[in-house]
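Observations on the model geometry
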Amino acid sequence: MFNTSLFFRRLLPGAVCLSFFIFAFPALSQEPPETDSPTESPDNQADPNQNDSEDLENPELYESAPVIVEGDRRGRTGMKQDLPLREIPATVNVIDAEELQARAADEWIPALAYTPGIFAHQNYGGFNTMTMRGLDSRNVLLLRNGTRDDTFLLVNSSPMTSMVGVERIEVLKGPNSVLYGQGAMAGVINIISKRPGRAAEYEFSATGGSFGTRRASVGATGPIGTESLRYRVDAGASKTEGWRENGNELKSGAATIEWDITKNHMLTLFGATSYDVFETDAGLPRANNTFIPGTNEALSTNYLVEPGVFRDNNYNTEDDYLRSRASQFRVQLDSRLADFLKLRAFVAHNPQDYYYFAVESLSISQTQDRTIERDHFHFETKRRPFQGTLELDWAFETFGLEHQLLTGYEYHWIDDRRRRRFFPGGTSTVDLFNPEIDLILPLPENHTNATQLYQQLHSGYAQDIITVNDQLKLVLGARYDIWLRETRSDTLFDLNDRITSEFGTSDRSIAKEITYRAAAIYQPVKWYQAYAGFSTAFTPVTVLDINRNKLSPETGEQTEIGQRIEILNGRAAINSAIFVARKDDVVVQIQNSPRRFAQAGKLFTQGYEISAELNPVENWTLTAGYAHTDAEWKSFVTTNSSGEVLDYTGNRPRNVPRDTVTAWSQYKFDFGLGLGLGGRYVSETEGDNANSFELPPYGVYDALVFYDWNQFRFQVNWLNFTDKEYFVSPTPNPTPAAPSQIYFTVSGKF
């Protein structure tokens, strides 16, 4: 029987987006008139790998020209329009393929390690999370080639596959709900894949190193019979045993086809898949007393965990695992409909499944000597998102003012289904000082409860870049979102996970939100630019409070003032910014097993950032960055599951370092030898919102040596070469970072 409700709620909006593909094709036979500025720029004609339609509105998959100065780089994440970074009224960091290669960044966390103002780390041995400008990852929107990945929004962390086939990562800091909608309160991170080239090219990379690490990747691109039809494929696999028996095995592949239907129309097909297995990590048991009695002064690093516990102890079991399977599918059409009008339309589907069974909490037994009591958590998640986007980019003039107007409609729905079971503390035990990764008594394999989340979002937005004169530009934008959420929770029993009753608990809510932005960009001289901007954001809440009541959407706003300076004929670029942000109706987790949440109150954050990129002489680059963040709970009063009132007002939020410093220097001699040296500093971070313990500050140094010979590169990376001992995460327990590591890589392009 035809399901009318399903059609109107899920399929009709998607069909509307798809129809734009159909309706656009009649226009293919009626080309816009020829102009003096064709889509293929003269600069690109000399490069056989450059796309003839470079200035088509094909965001996130464009080809970047090689540049020196940061401000000359072009990025679309900041404005969804192809603009130099100097014309974006916000802080944008770009991590390109050369940087990823130089730092042997095979995974997401090391890829972001040298970005100031970001504290990225891994919880439970496989779930990546972060804070940006004082806000956690629920407030950071993750994009994959411009397509939403709402995993952070839903669960605050996510398994991440390797960086195989990634061209660059663009990081936009500050609220950007006007262009991206829900979740973009702290910023946006866009992971962008490599594009097909017009000339045949092949590449490979092989790495071996510390802790049994082995990595391999291959890539190929070129025309398919004609330059108007191009392909690219990438594949890779890696495996590491881990320094604490907390290794992983990552496998991924991606394929892209680009077709220049005509000079003014391009169709892109993209698909990717990954299957990753992680050995989970519960960290180390925390000491019972981490503060000097009667003071707020923390004890030394050695007493963050129980004295006598070795850093390489592992308290997990052989039964623990995290398995993640994810895919990406995207169809995109880019068209120049007229000299003043471009169209971009795409539909995307990014399904993800992951399965988890692991030890989480570790507590020192009060009844048995030198014994750790463990709890366990078992769950599976199946997530099915769909996104359809239509955007029109207009260029026109009114009253002597030039306008670049972006208008768009976005439809997004997601079906998220989870089944879980909690095993309370004391379910299993292990020796405190001599733990062995053991087999535990068989635990029930069935789940005890199931939840289903259905979320639907309709959005309309507009942003206008107004050129007043050669020195001044204004940016005005607004967005209207209608958000529908339906949740259901059921109790399960027996190994078949059958529902005990057809009567479960359910909830339905609708939220409507308007967000906006305003900014000004002033460039009195060629080498100096200043900007100021104000923007708002919102994050709908997909969890319930401790009494299973729905929570209000989180809202926030930010003001940012910055400047960019380029001197010495473009060999030096300095960017700086100050910001003030506020977030209201903040949702926090107040209980772990089972997870329960509360709407705590208000969070205030302010700070400043500065970064510099220098090229003192040819083949020598210096980059450095510093970020300072003051974050404080202006209001945090709630009640936990025991009825205890929690008042954390005035505390610092967890996982927010006050200061981060990064620096990297790299030089290449004319005969092919290259050297690199870098360092990172992270100040102390609070381990929880109660500020009951903190992770000590640390500084880490990395080194690079490489030799380029013909089409080959031979590279050695020495990470943490001072063998610094430090902790990277407080969740679920203090988790130590890896010691010194050495990796050897051979790569080539043909």
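In short, a report on the structure. (Residues numbered from 1 in each chain as written. Predicted model: local features only at pLDDT ≥ 70, side-chain atom pairs only at ≥ 80, totals over all residues. Heavy atoms only, no water.)

Attention shifts here to the packing of aromatic side chains. Going through the model one piece at a time under the given rule, you end up with 30 aromatic pairs. Where Tyr 354 meets Phe 379, the ring centres are 6.0 Å apart and the plane angle is 85 degrees; that geometry is what we call edge-to-face. Here Phe 379 lies in strand E19 (residues 371-398) and Tyr 354 lies in strand E18 (residues 352-364), a separation of 25 residues in the sequence. Judged by its relative accessible area of 11%, Phe 379 is buried. With a centroid separation of 6.2 Å and an interplanar angle of 40 degrees, the aromatic rings of Tyr 701 and Phe 721 are classed as tilted. Of this pair, Tyr 701 sits in strand E35 (residues 698-709) while Phe 721 sits in the loop between strand E36 (712-719) and strand E37 (727-729); the two residues are 20 residues apart in sequence, bridging distant segments of the chain. The exposure class assigned to Tyr 701 is partly exposed, which follows from its relative accessible area of 43%. (Phe/Tyr/Trp six-rings, centres within 6.5 Å; stacked < 30°, edge-to-face > 60°. Helix = DSSP H or I, 4+ residues; strand = E, 2+ residues; numbered from the N terminus. Buried < 20%, exposed > 50% of the residue type's maximum accessible area, 1.4 Å probe, protein only.)

So, about the environment of Tyr 626. Within the secondary structure, Tyr 626 is located in strand E29 (residues 620-639). Overall, Tyr 626 belongs to the partly exposed group, its relative accessible area being 24%. Separated by 510 residues in sequence, Tyr 626 and Pro 116 place their C-alpha atoms 5.8 Å apart. Residue contacts for Tyr 626: discarding those within four places in its chain leaves Pro 116, Tyr 608, Glu 609, Ile 610, Asp 659, Thr 660 and Val 661. Of the polar contacts made by the side chain of Tyr 626, one reaches the side chain of Asp 659; its length is 2.5 Å. (Contact = heavy atoms within 4.5 Å. Polar contact = N/O pair within 3.5 Å; in protein donor to acceptor, adjacent residues only side chain to side chain.)

Below, the discussion takes up unusual backbone geometry. In this structure, Pro 732 follows Thr 731 across a cis peptide bond, with omega equal to 0 degrees. Tracing the sequence through the fold places Pro 732 in the loop between E37 and strand E38 (735-736). Of note, Asn 619 is a non-glycine position whose phi angle comes to about 75 degrees, a positive value. Looking at the secondary structure, you find Asn 619 in the loop between strand E28 (596-614) and E29. Judged by its relative accessible area of 34%, Asn 619 falls in the partly exposed class.

The next point concerns the pattern of salt bridges. One pass over the structure, following the stated rule, counts 39 salt bridges. For Arg 232, the salt bridge goes to Glu 203, with nearest N and O atoms at 3.1 Å. On the criterion of sequence distance, the pair formed by Arg 232 in strand E13 (residues 226-240) and Glu 203 in strand E11 (residues 201-209) is long-range, its members being 29 residues apart. Across the pair Arg 230 and Asp 260 runs a salt bridge whose closest N-O atoms are separated by 2.9 Å. In this pair, Arg 230 is assigned in strand E13 and Asp 260 in strand E14 (residues 248-262), connecting sequence segments 30 residues apart. Asp 260 matches Arg 230 in its accessibility class, with the two residues each being buried. Overlapping salt bridges, with partners in common, bring together Arg 195, Arg 198, Arg 230, Glu 258 and Asp 260 in one network. (Salt bridge = Lys/Arg side-chain N within 4 Å of Asp/Glu carboxyl O.)

Further remarks concern a negative patch on the surface. A surface patch of negative charge is lined by Glu 241, Glu 245, Glu 279, Asp 312, Glu 318 and Asp 319. By relative accessible area, Glu 279 is classed as partly exposed at 40%. (Patch = residues over 30% accessible without salt bridge, like charges linked within 9 Å, V, L, I, M, F, W, Y side chains within 5 Å. Areas by Shrake-Rupley, 256 points an atom, 1.4 Å probe, with all protein chains shown as cover. Lys, Arg positive; Asp, Glu negative; His and termini not counted. Charge placed at Lys NZ, Arg CZ, Asp CG, Glu CD.)

Bear in mind that shape data such as this cannot, by itself, settle questions of function.
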